[in-house]
Protein chains: 2
Amino acid sequence: MARAATTSDAFNAIAEPRRRQIIGLLAHGERPVNEVVKKLRIAQPQVSKHLGVLEKVGLVTVREAGRQRFYKLNAKALKPIHDWVKTFERLWNERLDRLADYLNELQAQEKPK
Amino acid sequence: MARAATTSDAFNAIAEPRRRQIIGLLAHGERPVNEVVKKLRIAQPQVSKHLGVLEKVGLVTVREAGRQRFYKLNAKALKPIHDWVKTFERLWNERLDRLADYLNELQAQEKPK
DNA sequence: CGAATATATTCCCATATCGGAATACAACAA
DNA sequence: TTGTTGTATTCCGATATGGGAATATATTCG
């Protein structure tokens with residue numbers, strides 16, 4: 001087996017920095033492909049490919065209008081990621097961190113050089 | 001160029017489901033490799049490899065004790081991910097969602113079959 | 001020392017990736 | 001029709017993955 005497909009997961013899809021950029025841009029609202037190309041300065045074919053990945057995992061939806069395709073962010077698809085990371089939030093906010101630091105300081109003072 | 005290395009980023013590192021599992025386990029505290037092996041039922045070499053990746057991106061730290069190595073979660077390294085996803089939180093909480101749904105319903109009623 | 005235990009490393013393989021370049025396609029314009 | 005514009009698809013090559021299996025390394029035990 002190889003690495004999981006980028007299209008298998010929102011987790012895998014957002015591992016790509018450019019896809020995160022695209023998501024960031026689409027957060028301001030629906031956009032046609034060409035605008036993504038211009039704003040982010042990524043070649044058109046790659047933009048289409050990245051959008052394809054995002055669509056496959058449900059992170060964006062498309063609306064066709066003439067020869068343009070407007071891509072729209074479907075933020076809900078990011079929630080699983082948020083939920084997962086949030087689980088660990090307390091671990092980095094915890095005052096225990098400071099407490100530990102404090103205790104270390106105390107210990108350091110007890111054994112002055 | 002190929003896909004970015006799994007070791008290039010926390011984003012890339014957590015794309016792997018098993019690595020997320022490992023992180024989940026280590027959230028309860030420091031653990032030796034063998035306990036991860038037993039609890040998650042992943043072959044030992046793969047566990048060592050996954051832990052290696054997590055270490056490289058700073059998601060875990062190691063403490064050596066005799067022939068054991070205790071891996072500990074460094075939750076802070078997850079914060080960038082949290083921060084990024086959080087940016088979009090309002091987009092899925094937004095009541096605008098409900099408003100849109102409501103308006104659609106209205107429209108549907110105006111044009112009764 | 002030799003055996004056992006805990007963990008890491010190395011090889012191998014099937015599989016995808018991402019970017020670039022070229023090209024296909026569809027809608028619209030003249 | 002022919003040309004143009006907006007987007008998608010295909011082919012290429014370099015690269016790395018993750019699992020499995022075998023093996024290496026280090027520490028502890030008897």
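Residues numbered from 1 in each chain as written. Chains lettered and ligands numbered in written order. Predicted model: local features only at pLDDT ≥ 70, side-chain atom pairs only at ≥ 80, totals over all residues. Heavy atoms only, no water.

### Points about the protein's contact with DNA strand C
Rules: Put simply, a residue is near a molecule or strand once any heavy atom of it comes within 4 Å of that molecule or strand. Side-chain atoms alone can form a polar contact between residues adjacent in sequence; in general such a contact is a pair of N or O atoms within 3.5 Å, and within protein one must be able to donate a hydrogen while the other accepts it. Under the DSSP-based scheme used, a helix requires at least four consecutive residues in state H or I and a strand at least two consecutive residues in state E, with every element numbered from the N terminus. In this classification, Asp, Glu, Lys and Arg are treated as charged, Ala, Val, Leu, Ile, Met, Phe, Trp, Tyr, Cys and Pro as nonpolar, and every other residue, Gly included, as polar.
Residues in contact with DNA strand C amount to 26 residues; listed here are only the nearest, Arg18 and Lys49 of chain A together with Met1, Ser48 and Tyr71 of chain B. The contact atoms of DNA strand C, taken as those within 4 Å of the protein, divide so that sugar and phosphate hold 62%. In the model, a base oxygen of DNA strand C is placed 3.4 Å from a nitrogen or oxygen of the Lys49 of chain B side chain. At 2.5 Å, a side-chain N or O of Tyr71 of chain B approaches a phosphate oxygen of DNA strand C. For the surface near DNA strand C, the secondary structure elements donating two or more residues are α2 (17-26) and α4 (44-56) of chain A together with α3 (33-40), α4 (44-56) and β3 (68-73) of chain B. Partitioning the surface near DNA strand C into residue classes produces nine nonpolar, eight polar and nine charged.

### Observations concerning the relation of the copies chain B and chain A
Both copies of the chain are related by one operation, a rotation about an axis with a shift along it. As a reminder, the rule being used: The copies are overlaid by a least-squares fit using only the C-alpha atoms of residues whose pLDDT is at least 70 in both copies. The contact criterion used throughout is that any non-hydrogen atoms of two residues lie within 4.5 Å.
Overlaying chain B on chain A yields an RMSD of 0.0 Å, the required transformation being a rotation through 180 degrees with an accompanying axial translation of 0.0 Å. In the structure described here, the two chain copies are related by an operation that fits a two-fold rotation axis. Same-surface contact between copies: 100% of interface residues of chain B are shared with the interface of chain A.

### Quick word on the protein's contact with DNA strand D
Near DNA strand D you find 26 residues, and of these Met1, Asn34, Ser48 and Tyr71 of chain A together with Arg18 of chain B are the closest. Close to the protein, within 4 Å, the atoms of DNA strand D belong to sugar or phosphate groups at a rate of 58%. A distance of 2.4 Å separates a phosphate oxygen of DNA strand D from a polar side-chain atom of Ser48 of chain A. Thr6 of chain B is positioned such that a nitrogen or oxygen atom in its side chain is 3.1 Å from a phosphate oxygen of DNA strand D. Only α3 (33-40), α4 and β3 (68-73) of chain A together with α2 (17-26) and α4 of chain B provide two or more residues apiece to the surface near DNA strand D.

### Topic: the pairing of strand β2 (residues 60-65) of chain B
Note the threshold: Strand pairing requires that DSSP identify at least two bridges connecting the strands.
Of the strand pairs in this sheet, β2 of chain B and β3 of chain B are connected by six bridges, and their pairing is antiparallel. What sits directly across from Thr61 of chain B, in β3 of chain B, is Lys72 of chain B.

### So, the packing of aromatic side chains
Residue and element names in this part refer to chain B. Selection rule: Any Phe, Tyr or Trp ring, taking Trp's six-membered ring, that has another such ring centre within 6.5 Å forms a pair; planes under 30 degrees apart are called stacked, those over 60 apart edge-to-face, and the others tilted. Exposure categories follow from relative accessible area, calculated using a 1.4 Å probe and restricted to protein chains: below 20% of the type maximum is buried, above 50% is exposed, and the middle band is partly exposed.
Scanning the entire structure with this criterion turns up four aromatic pairs over all chains. Look at Phe11 and Trp84: their rings are 6.0 Å apart centre to centre, the planes differ by 85 degrees, and that puts the pair in the edge-to-face class. Here Phe11, found in helix α1 (residues 10-13), pairs with Trp84, found in helix α5 (residues 79-86); they are 73 residues apart in sequence, far enough to count as distant. The same class applies to Phe11 as to Trp84, namely buried. With a centroid separation of 5.0 Å and an interplanar angle of 65 degrees, the aromatic rings of Trp84 and Phe88 are classed as edge-to-face. For the residue pair Trp84 and Phe88, the accessibility class agrees, reading buried in each case.

### Considerations on the packing of α3 of chain A against α4 of chain A
Residues and elements named next belong to chain A. Rule in force here: The angle between two axes is taken between their N-to-C directions and runs from 0 to 180 degrees, where each axis is a line fitted to C-alpha atoms and a helix contributes only its stretch in contact. Handedness of each helix crossing follows the sense of rotation of the near helix against the far helix: counterclockwise by less than a right angle gives left-handed, clockwise gives right-handed.
It is the contact of α3 with α4, at a shortest axis distance of 9 Å, that shows an interaxial angle of 115 degrees. Relative to α4, α3 is oriented so that their crossing is right-handed. From α3, Val33, Val36 and Val37 reach across to α4, where they touch Gln44, Val47, Ser48 and Leu51. Each residue belonging to the contact of α3 with α4 can be placed in one class, and the counts come to five nonpolar, two polar and no charged.

### As for the pattern of salt bridges
Residue and element names in this part refer to chain A. Heads up, the condition is: Any carboxyl oxygen of Asp or Glu that lies within 4 Å of a side-chain nitrogen of Lys or Arg is treated as forming a salt bridge with it.
Taken as a whole and judged by the stated rule, the model has eight salt bridges over all chains. Close ionic contact of Asp83 with Lys79 constitutes a salt bridge, the shortest N to O distance being 3.3 Å. Of this pair, Asp83 and Lys79 are both found in helix α5 (residues 79-86), four residues apart, which corresponds to roughly one turn of the helix. Taking the relative accessible area as the measure of exposure, Lys79 reaches 34% and is therefore partly exposed.

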